[in-house]
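# Topology and contacts: notes
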Amino acid sequence: MTSFDLARSEQELLLQQTISALLDWYEKGDEAPLGTIWPHEQIQAAVASFTYKNPTPAGPALQSLIRSLKDFTIHTTNSNYFGLFNPRANFPSILADIITAFFNPQLAAWSHAPYAAEIERNLILQCCSRFGYATGSQDGTFTSGGAESNMTAIICALHHQFPNYGQEGLFGLQQRPVIYCSAESHHSLLKAARSVGLGAQVLQVIPCDQQERMDMQQLKQRLILDEAEGKRPIMIVGTAGTTGSGAIDDLDTIAAICQVHNCWFHVDAAYGGALMLSSLYRRHLNGIEKSNSITMDIHKWFSVPMGISLFLTSNTEILHRSFDVSTAYMPEKGESKKEIDPYVHSLQWSRRFMGLKMHVPLLLFGWQGYEEVIHHQIKQGQLLQKSLEEAGWIIKNHSHLPILCFTHPSLEQTPARVQEIVDDIVIKGQAWISTYPIKGQPCIRACITNYNTGPKEVQKLVDLLSTHI
Ligand SMILES: *Cc1c(COP(=O)(O)O)cnc(C)c1O
């Protein structure tokens, strides 16, 4: 036996001490400062002593680590965090991640982790159904995040549009491909375009209308122009919940345009996709059922630890065509062909049982529990809007999601004040908010990201903001 396995008694003691320190922080997250803006040198100096030359006693090392993370982290667990979709992880999902780490199942091959693989498969199929993909037209894969999901979408679109792409790659293309997205779409599309060898210029960025949605007229005109120039439109990406202002593109119209121009229809619903959990608000995603694929992050509105997103598709062949390989060193694939080896279905190979942190909270709360939380958060967004307006602020964005971009008449002449106000609040650790421009005008951005944010925190934010006016 090597020293890697500590004695059982020490394991229990360390677990207990660690969990106890973490629970203190998790429970009382709002009492500790939310975080601030740290100088790089200070943080660098704090870790410079780790040379790893000599072993360190475990207990003090772990306690010190937890203290440092408490001191030097923006606590998205804090209910005054009105930030960038980074959630407070709910307790069952944290437990699930611990269980995953213990078993460390290998999710590359079905035969190594059949129960885990089927749990993921079941979640994929259920989510496909919720988005309106018909039985028999449902497939997907778990990914590390929205960036990987969006890149998977581009790879699938290329394989779909160019049957020889898998063999010849971009060298085999006769026409220059074009991918369409809005000016408010996520920049992970840009990274993906560069990474697959298409280059940034493959993206035809369509301006937005007055409500921050992709302008449908301009999209149609651009498609016709590009086709006339001999280019090949291959894909249109609609965004359901833009990162800046929470706009949802007109998915129904994009679906129809995709039909006409023979384009792959991808919906980037990294954040807004969670609306499918709500019987009241699902209608804002109308048209998503006609898409060829969907990105939906689980580590955003599902409130679970980072590192989990879903790529869903209504094309049951495409993941296989895009990612299938076979090699002698991998376990043989199942004879029945019914089981799917995740590694021939996605970019990743060896990977974590990430689906468990979605499965366990769903098991404990059900879809209905999730729906209640989504409704609570939307309600807090509506409350924030009302309170801001009563205090004289003007909402500039148009969103069905709990995201508000706003300014104040007294700031119109001094737009630089917007950033100063936000910095002052963030540096003091009173709340976390950010800035985002709407139609070129600097605005303060606040999003109900944390499921514990309630009327108390909403009022506190409005009061804080008002002291700066
Ligand atoms: C967050 C986000 C992404 C990127 O997802 P990650 O999980 O951060 O990789 C993509 N698209 C949209 C609309 C997003 O909000």
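The structure this text deals with has already been given above.
A brief structural summary. Bear in mind the structure is a predicted one, so any value in this text is a computation, not a measurement.

This brings us to the pairing of strand β11 (residues 441-447). Counting buried positions along β11 gives five out of seven residues, so the element sits mostly inside the fold. Inspection of the sheet shows strand β9 (residues 403-407) paired to β11 by four bridges, in the antiparallel sense. Residue pairing across strands places leucine 404 opposite alanine 446, the latter belonging to β11.

Applying the stated rule across the entire model yields ten aromatic pairs. Geometrically, the ring pair formed by tyrosine 26 and phenylalanine 91 is tilted, given 6.2 Å between the ring centres and 50° between the ring planes. With tyrosine 26 in helix α1 (residues 8-27) and phenylalanine 91 in helix α4 (residues 91-103), the pair connects residues that are 65 residues apart, well separated along the chain. According to the relative accessible area criterion, phenylalanine 91 is partly exposed, its value standing at 38%. Each ring, one from tyrosine 343 and one from tryptophan 349, has its centre 4.7 Å from the other, and the planes form 40°; the classification is tilted. Members of the aromatic cluster, each reached through a chain of ring pairs, are Trp25, Tyr26 and Phe91. The ring of tyrosine 26 carries arginine 88 above its face, with NZ or CZ at 3.9 Å from the centroid. Positioned above the aromatic ring of tryptophan 367, the side-chain terminus of arginine 130 is 4.1 Å from the ring centre.

Near the ligand there are 14 residues, and of these Gly146, Asp268, Asp297, His299 and Lys300 occur at the shortest range. Here an oxygen atom of the ligand and a backbone polar atom of alanine 147 are 2.8 Å apart. In this structure, an oxygen atom belonging to the ligand sits 2.7 Å away from a side-chain N or O atom of histidine 299. The protein chains hide 85% of the 380 Å² of surface that the ligand would expose on its own. Top element by residues in the shell around the ligand is helix α6 (residues 146-161). It accounts for three residues. Taken together, the residues that form the shell around the ligand break down as three nonpolar, eight polar and three charged.

What follows concerns the packing of helix α12 (residues 356-390) against helix α14 (residues 455-466). With their axes 10 Å apart at the nearest point, α12 and α14 run at an angle of 30° to one another. When the interaxial angle is binned, α12 and α14 end up roughly parallel. Considering only the axes of α12 and α14, their crossing is right-handed. On the side of α12, the interface is formed by Gln380, Leu383, Leu384, Ser387 and Leu388, while α14 contributes Pro455, Val458, Gln459, Leu461, Val462 and Leu465.

Turning our eyes to something else, we now look at the sheet that holds β9. The four strands lie next to each other as β8-β9-β11-β10, forming an open sheet whose pairing is antiparallel. Sheet topology places β8 (394-395) and β10 (434-438) at the edges, where each strand pairs with a single neighbour. Docked against the sheet, α12 engages β8, β9 and β11, running at close to 10° with respect to β9.

So, about the nonpolar core. In summary, soluble globular proteins display a tendency toward joint burial of nonpolar side chains. Within the largest apolar cluster, 63 residues are counted, with the highest numbers of intra-cluster contacts made by Leu219, Ile236, Met276, Phe302, Leu310, Leu312 and Met358. Secondary structure elements with two or more residues in this core: α5 (114-130), β2 (177-182), α9 (216-228), α10 (251-261), β5 (264-268), β6 (293-297), β7 (309-313) and α12. Ranked by residue count, the leading element in this core is α12, at eight residues. Among the nonpolar cores identified, the runner-up in size contains 27 residues, and Ala153, Ala157, Trp264 and Phe311 belong to it.

Overall, the coordinates contain 15 salt bridges when judged by the stated rule. Lysine 300 is the salt-bridge partner of aspartate 297, the closest N and O atoms lying 3.4 Å from each other. When its relative accessible area of 3% is taken as the criterion, aspartate 297 is described as buried. On the accessibility criterion, lysine 300 (14% relative accessible area) is buried. The partner of glutamate 420 in a salt bridge is arginine 417, and the shortest N-O contact between them spans 3.6 Å. Remark: arginine 417 and glutamate 420 occur in helix α13 (residues 416-427); sequence separation between them is three residues, near one turn of the helix. Salt bridges linked by common partners bring Asp97, Arg352 and Lys357 together as one network.

The rules we used
Residues numbered from 1 in each chain as written. Predicted model: local features only at pLDDT ≥ 70, side-chain atom pairs only at ≥ 80, totals over all residues. Heavy atoms only, no water. Buried < 20%, exposed > 50% of the residue type's maximum accessible area, 1.4 Å probe, protein only. Helix = DSSP H or I, 4+ residues; strand = E, 2+ residues; numbered from the N terminus. Pairing = 2+ DSSP bridges. Phe/Tyr/Trp six-rings, centres within 6.5 Å; stacked < 30°, edge-to-face > 60°. Lys NZ or Arg CZ within 6 Å of the ring centre and 35° of its normal. Near = heavy atom within 4 Å. Polar contact = N/O pair within 3.5 Å; in protein donor to acceptor, adjacent residues only side chain to side chain. Areas by Shrake-Rupley, 256 points an atom, 1.4 Å probe, with all protein chains shown as cover. Nonpolar A, V, L, I, M, F, W, Y, C, P; charged D, E, K, R; others polar. Axes fitted to C-alpha atoms, helices over the stretch in contact; angles between N-to-C directions. Parallel < 35°, antiparallel > 145°, perpendicular 65-115°, else oblique. Left-handed = near helix turned anticlockwise from the far one by under 90°. Contact = heavy atoms within 4.5 Å. Core = buried A, V, L, I, M, F, W, Y, C linked by side-chain atoms within 4.5 Å. Salt bridge = Lys/Arg side-chain N within 4 Å of Asp/Glu carboxyl O.

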